[in-house]
Amino acid sequence: AQRVTQVQPTGSSQWGEEVTLDCSYETSEYFYRIFWYRQLFSGEMVFLIYQPSFDTQNQRSGRYSVVFQKSFKSISLVISASQPEDSGTYFCALSERGGSALGRLHFGAGTQLIVIP
Amino acid sequence: DMKVTQMPRYLIKRMGENVLLECGQDMSHETMYWYRQDPGLGLQLIYISYDVDSNSEGDIPKGYRVSRKKREHFSLILDSAKTNQTSVYFCASSSLTEVFFGKGTRLTVV
């Protein structure tokens, strides 16, 4: 069963626009974490931000923030003032294990974003 | 410097040959992973290791095995490689709040 779903296979924006990328997930766990990664064209995976389920506050890191809707099991990544360097494939990932280790990380299929100069 | 290193970066093997992909990390992380990435499918978990000799199957373990004899090293082995194992393989290790990825190994089985 697909645990993490990213329904937008592709997206685009103009330089300076705000971009929202959506992700939904399935879990029966009370405690879990959601991660966002960007994959560069080289293949390198870059960590962007993570949201723990116990924190009702939306996390923010620089130009990245999330909109976490726990009751709907959805989380969106928001990129403010998008730049051409933000182009790449964005992955949402779910970790269901609590405690002292992350455990299994389940990835969505990704959203390929192009920011047009 | 926090780093996950994968060797080799590119590899071409003939069908039926054995393949060894190696991964190292310098962060003393207990948990390490092997994923494969195919177009349109995101990253699929092959194996997870919780520490030395404590390995568990992921979602697609068939055709693969792993070895972890030291905390900093995690190897992926393909015995008798098949053409459908052509893919990009990523190794990763995790702290409590972040997963660190290697740069990937592009394996082609011909």
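Residues numbered from 1 in each chain as written. Chains lettered and ligands numbered in written order. Predicted model: local features only at pLDDT ≥ 70, side-chain atom pairs only at ≥ 80, totals over all residues. Heavy atoms only, no water.

Caption draft 1: View of the sheet that holds strand 7 (residues 65–70) of chain B. All names here are of chain B. With respect to topology, 4 strands assemble into an open sheet ordered 1-3-8-7, the strand pairing being antiparallel. Every interior strand has two partners, whereas the edge strands, strand 1 (4–7) and strand 7, have only one. In this sheet, neighbouring strand axes are inclined to one another by 20° on average, regardless of whether the strands run parallel or antiparallel. Two elements, strand 7 and strand 8 (residues 73–78), share 4 bridges in a ladder whose sense is antiparallel. Bridge pairing in strand 8 places R65 opposite I77. (Pairing = 2+ DSSP bridges. Helix = DSSP H or I, 4+ residues; strand = E, 2+ residues; numbered from the N terminus. Axes fitted to C-alpha atoms, helices over the stretch in contact; angles between N-to-C directions.)

Caption draft 2: Structural context of the state of the cysteines. If you walk through the whole model with that rule in mind, you get 2 disulfides over all chains. One disulfide bridge connects A:C23 with A:C92, the sulfur atoms lying 2.0 Å from each other. When the S-S torsion is -70°, as for the bridge of A:C23 with A:C92, the disulfide is left-handed. In this pair, A:C23 is assigned in strand 3 (residues 19–25) and A:C92 in strand 9 (residues 88–95), connecting sequence segments 69 residues apart. Here B:C23 pairs with B:C91 through a disulfide, and the sulfurs are 1.8 Å apart. (Disulfide = S-S within 2.5 Å.)

Caption draft 3: Highlighting the side chain of A:R38. Residue and element names in this part refer to chain A. In this structure, R38 sits in strand 4 (residues 33–39). Buried within the structure, R38 lacks any salt-bridge partner; D86 is the closest side chain of opposite charge, at an N-O distance of 5.1 Å. Of the polar contacts made by the side chain of R38, one reaches the backbone oxygen of E85; its length is 2.8 Å. (Buried < 20%, exposed > 50% of the residue type's maximum accessible area, 1.4 Å probe, protein only. Lys, Arg positive; Asp, Glu negative; His and termini not counted. Salt bridge = Lys/Arg side-chain N within 4 Å of Asp/Glu carboxyl O. Polar contact = N/O pair within 3.5 Å; in protein donor to acceptor, adjacent residues only side chain to side chain.)

Caption draft 4: Fine view of the confidence of the model for chain A. Per-residue confidence for chain A averages 92 on the pLDDT scale, and 96% of its residues sit at or above 70. Per-element mean pLDDT across chain A ranges from 92 in strand 10 (residues 105–107) of chain A up to 98 in strand 8 (residues 74–79) of chain A. (pLDDT = per-residue confidence, 0-100.)

Caption draft 5: Broad picture of the pattern of salt bridges. Residues and elements named next belong to chain B. Inspection of the entire model under this criterion finds 6 salt bridges over all chains. One salt bridge connects R71 with E30, and the closest N-O pair in it is separated by 3.8 Å. Placement of the pair is R71 in the loop between strand 7 and strand 8 and E30 in the loop between strand 3 (19–25) and strand 4 (31–37), with a sequence separation of 41 residues. Its relative accessible area of 30% is what places R71 among the partly exposed residues. Exposure remark for E30: the relative accessible area of 36% places this residue in the partly exposed category. Among the salt bridges present, the one from R71 reaches D51, with a minimum N-O distance of 2.7 Å. With a gap of 20 residues between them, R71 in the loop between strand 7 and strand 8 and D51 in strand 5 (residues 43–51) connect regions that are remote in the sequence. When salt bridges with common partners are traced through the structure, they connect E30, D51 and R71 into a single cluster.

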